[in-house]
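Understanding the architecture of this molecule
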Amino acid sequence: QLSYPYSTREAVAMVRHLQLFPADGLLGAAENVFAFDSHQPQLAAQIGTELRRHGIPAGLGSSHFSVRLADEQPLPPAEPVEMW
């Protein structure tokens, strides 16, 4: 069990990172947000497990996320759903 309540703060930090560095991708953002925690192997393993449980194919190793992704597929053009 994680003693620190990982929450919206980390999700917002990942989104902020992706906005600033879109080429890093989701795993790069996660690595940036959880970099401090990767120095504690047991905690890093727990975080990796939780990320995978929620569909992020990450496993924290000693210093980097390891990932096995499928081939990239192009997305259709974005369509606005609603205007404010």
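These numbers come from a predicted model, not from an experiment.

**Points about the overall build of the chain**
Each helix and strand in the chain was counted, giving three helices and two strands. Listing every helix and strand of the chain by position from the N terminus yields α-α-α-β-β. Within the chain, the proportion of its 84 residues that are buried is 24%. Relative to all contacts within the chain whose residues are 6 or more apart in sequence, the contacts with residues 24 or more apart total 36%.

**Structural notes on helix α3 (residues 41-53)**
The end-to-end C-alpha separation of α3 is 18 Å, in line with the 18 Å expected for 13 residues at 1.5 Å each. Following α3 by one or two positions, G55 has its phi on the positive side, about 90°.

Calculation notes
Residues numbered from 1 in each chain as written. Predicted model: local features only at pLDDT ≥ 70, side-chain atom pairs only at ≥ 80, totals over all residues. Heavy atoms only, no water. Helix = DSSP H or I, 4+ residues; strand = E, 2+ residues; numbered from the N terminus. Buried < 20%, exposed > 50% of the residue type's maximum accessible area, 1.4 Å probe, protein only. Contact = heavy atoms within 4.5 Å. Expected span 1.5 Å × (residues − 1).

Remember, this is a structural readout, not a statement about activity or role.
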